[in-house]
Amino acid sequence: MAPADAPDRRDARGAPVRRGRGTDLLVAAGTAVVTLGLLLGLPPLDALDPDTAGASGTGTGFPDVGGTAWTLLAIALVAQSAVLLGTRRAPRSVLLAVSALPILLALVAPSTAYGLTALPVVVAVVLATLRIPLSRLWPAVTASAVLVAIGTGASSAVGSGGVRSGLASGLGAAAGQGVLQAVGAVALPLVVTLVVRSRRELRAARRAEADARSAEADARTAAADARSAAADARSAEAAAVAREQDARVEAAVSRERAAMARELHDIAAHHLSGIALMSAVVDRQIDTDPDGAHEGVRQVREQSTAVLEDLRRLVGLLRDDSPAETAVETVAGIVDLVEHARLRSAVTLAVLPGEHPLADGIGPLTQLVAYRTVQEALANVALHAAGAPCTVTVDDRDPDQLTVRVENGVPTAPSAGSSPAGGNGLRGMRERAELVGARLQVGPTGDGGWTVELVTGREARPDADASADAPEVAG
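These figures come from a predicted structure and were not determined experimentally.

Here we come to the overall build of the chain. Helix and strand counts for the chain come out as 12 helices and five strands. Looking at the 475 residues of the chain, the share that counts as buried comes to 35%. Long-range contacts, defined here as pairs at least 24 residues apart, represent 73% of the contacts in the chain between residues at least 6 apart. Accessible surface computed for the chain: about 27400 Å², of which carbon and sulfur atoms make up 59%.

Written out as structure tokens, the structure is:
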């Protein structure tokens, strides 16, 4: 098991290790160059300021270049920068070490330039935040802030002599400076880095999503190309067989996903679009029209409840370990479907029962397919055969199969035309039939009408007396 402080380490042809070491070396060297440059440049600049010209001997000015205090501070800055080399392996330990090193310097050789030791701490905070989640980093960040506050306070108290003049006032001033330094060196870099990191992760997630969509589109294109190539490439029989095997697996997965997508679309699409629309309205009204916003929230709740109920029905069909808690569409539900269709056109229902309960031996998913087939066929009649008489027949007489037929005559009114997704209805009916192993036949009739017929076999039938009270449907 890898240590907790080694989040990203890749070797064995996983390139980032060598590149990461080079980056760590550049960061450490850059930190050392910047801090030492400031240490070299600030004392001369401070000496040019007439307000601080005589302060070098008071402990409040910058140390002289080459002096003992200046040399010790330079050594501390180099040591802090060198510790940064281990950030990739142990970011939390490096953060604590970089924060603790200056404390000894504050006690031995305090100076005004002590604040330069905060720069390596800022770099360590940024690097650690980029590599470790905040949930695991916060103890180290808290300890680092405490160490920075202690070091800054000690440097201020010892360097200014405030403790000798007044213990309470000196400690209070030193503590205040320590807290300010901790906020500037730890808290602010932490917040800024978290914002930058979150944006970077968001961009990465969007890129991954775009790549996934593009890969999915490429996979579908490849599947279509594989099927057409299998018909043409008869000379390469061995390679064609392998491609056909892969194409069948992809086609099976694609059919299952398409079936689930169709059901989820049929059940939840208009609910979810309504929820999104009403949520946007509530967002605009919440300050200007609270009553309207409350009404919108109530409507969102009603839509959410409706979509949850419909999704529960779909999950109830797919579960094998327990029966569905709520009713789902079945062959018996075709009666209500026809009743609703009669509001739009002349539809009649003919049920031909057998010597067994209606739809006996037909599984719940197959009954849902029969229901959806009739639903789609009636919708097509209303769209393409306005005014035409229509007959829905449920033939349950055959002991081995169930037949559902929707047949319409010649339209008596102008057609409403095709929808923008023309042809998807018939394609969806065929895919549903294939999913449950049923046989679907569609086509024109001799008198100019249209017929849709679904024939599905029965499953292993239970004892005849196990379901004596099955519901009957009258046409």
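Positive phi, close to 60 degrees, is recorded for alanine 359, a residue that is not glycine. Checked against the element boundaries, alanine 359 lands in the loop between strand 1 (347–352) and helix 11 (364–384). Since its relative accessible area comes to 6%, alanine 359 is described here as buried.

With respect to the helices and strands, the residue threonine 193 is situated in helix 7 (residues 167–232). Beyond its immediate stretch of four places on either side in the chain, threonine 193 contacts Val126, Thr129 and Leu130.

A packed helix pair is summarised by two numbers, namely the angle formed by the two axes and the spacing between the axes. Contact geometry for helix 10 (residues 334–341) and helix 11: axes closest at 10 Å, N-to-C directions at 10 degrees. Comparing their axes, helix 11 and helix 10 come out roughly parallel. Taken together, the residues of helix 11 that come into contact with helix 10 (itself represented by Ile334, Leu337 and Ala341) are Tyr371, Val374, Gln375 and Leu378. Of the residues belonging to the contact of helix 10 with helix 11, the class tally is six nonpolar, one polar and no charged.

Below, the discussion takes up helix 2 (residues 68–83). With 16 residues, helix 2 extends 23 Å between its outermost C-alpha atoms, agreeing within 8% with the 22 Å of an ideal straight helix rising 1.5 Å per residue. Residues of helix 2 that are buried include every one of Trp70, Leu73, Ala74, Ala76, Leu77, Gln80 and Ser81, and no others. Buried residues along helix 2 cover an arc of 160 degrees about the axis, so they all sit on one side. Along helix 2, exposed side chains directed more than 90 degrees from the buried face belong to Thr68 and Ile75.

As enumerated under the stated definition, the model contains eight salt bridges in all. Measuring nitrogen to oxygen at the nearest pair gives 3.1 Å for the salt bridge that ties arginine 197 to glutamate 201. Of this pair, arginine 197 and glutamate 201 both sit in helix 7, four residues apart, roughly one helical turn. A salt bridge links arginine 342 to glutamate 339, with the nearest nitrogen and oxygen atoms 2.6 Å apart. Here arginine 342 falls in the partly exposed class, since its relative accessible area comes to 34%. For glutamate 339, a relative accessible area of 41% puts it in the partly exposed group.

Let us look at the nonpolar core. Counting 31 residues, the largest nonpolar core has Ile334, Val374, Leu378 and Val392 as its most contacted members. Elements with a contribution of two residues or more to this core: helix 10, strand 1, helix 11, strand 2 (390–395), strand 3 (401–408), helix 12 (424–436) and strand 5 (450–457). The dominant element in this core, judged by the number of residues it contributes, is helix 11, at seven residues. In terms of nonpolar packing, the next biggest core, distinct from the first, is built from 21 residues, Val94, Ala118, Ala128 and Ala140 among them.

Taken together, the side chains of Arg199, Arg200, Arg203 and Arg207 present a region of like positive charge at the surface. Inspection of the secondary structure assignment puts arginine 207 in helix 7.

This brings us to a nonpolar patch on the surface. Taken together, the side chains of Leu72, Ile75, Leu104, Leu107 and Val108 make up a nonpolar region of the molecular surface, amounting to roughly 490 Å² of accessible area. For the nonpolar patch, the secondary-structure elements that each account for two or more residues are helix 2 and helix 3 (91–108). Among the elements that take part in the nonpolar patch, helix 3 stands out by supplying three residues, more than any other. For leucine 72, the location among the structural elements is in helix 2.

This paragraph deals with the sheet that holds strand 5. Pairing in this open sheet of five strands is mixed, and the strands run 1-2-3-5-4 from one edge to the other. The open sheet has two free edges, formed respectively by strand 1 and strand 4 (439–444), since each of these has just one partner strand. Direction aside, the axes of adjacent strands within the sheet are offset by 10 degrees on average. Note: strand 4 against strand 5, six bridges, orientation antiparallel. Paired with leucine 440 across the strands is leucine 454, a residue of strand 5. Here helix 10 sits on the sheet and contacts strand 1, strand 2 and strand 3; the angle it forms with strand 1, its principal contact strand, is near 160 degrees.

Topologically, alanine 230 is positioned in helix 7. Alanine 230 sits 17 residues away from alanine 247 along the chain, and the two C-alpha atoms are 9.6 Å apart.

So, on to the confidence of the model for the chain. Residues at a pLDDT of 70 or more form 70% of the chain, whose mean pLDDT is 76. Here residues 11–15 is modelled with pLDDT under 50, and outside its nearest four sequence neighbours on either side it reaches one contact, counting other chains as well. Note that residues 163–170 has pLDDT below 50 and, in this model, four contacts with residues that lie over four places away or in other chains.

Scoring rules and cut-offs
Residues numbered from 1 in each chain as written. Predicted model: local features only at pLDDT ≥ 70, side-chain atom pairs only at ≥ 80, totals over all residues. Heavy atoms only, no water. Helix = DSSP H or I, 4+ residues; strand = E, 2+ residues; numbered from the N terminus. Buried < 20%, exposed > 50% of the residue type's maximum accessible area, 1.4 Å probe, protein only. Contact = heavy atoms within 4.5 Å. Areas by Shrake-Rupley, 256 points an atom, 1.4 Å probe, with all protein chains shown as cover. Axes fitted to C-alpha atoms, helices over the stretch in contact; angles between N-to-C directions. Parallel < 35°, antiparallel > 145°, perpendicular 65-115°, else oblique. Nonpolar A, V, L, I, M, F, W, Y, C, P; charged D, E, K, R; others polar. Expected span 1.5 Å × (residues − 1). Arc of directions from axis to C-beta. Salt bridge = Lys/Arg side-chain N within 4 Å of Asp/Glu carboxyl O. Core = buried A, V, L, I, M, F, W, Y, C linked by side-chain atoms within 4.5 Å. Patch = residues over 30% accessible without salt bridge, like charges linked within 9 Å, V, L, I, M, F, W, Y side chains within 5 Å. Lys, Arg positive; Asp, Glu negative; His and termini not counted. Charge placed at Lys NZ, Arg CZ, Asp CG, Glu CD. Pairing = 2+ DSSP bridges. pLDDT = per-residue confidence, 0-100.

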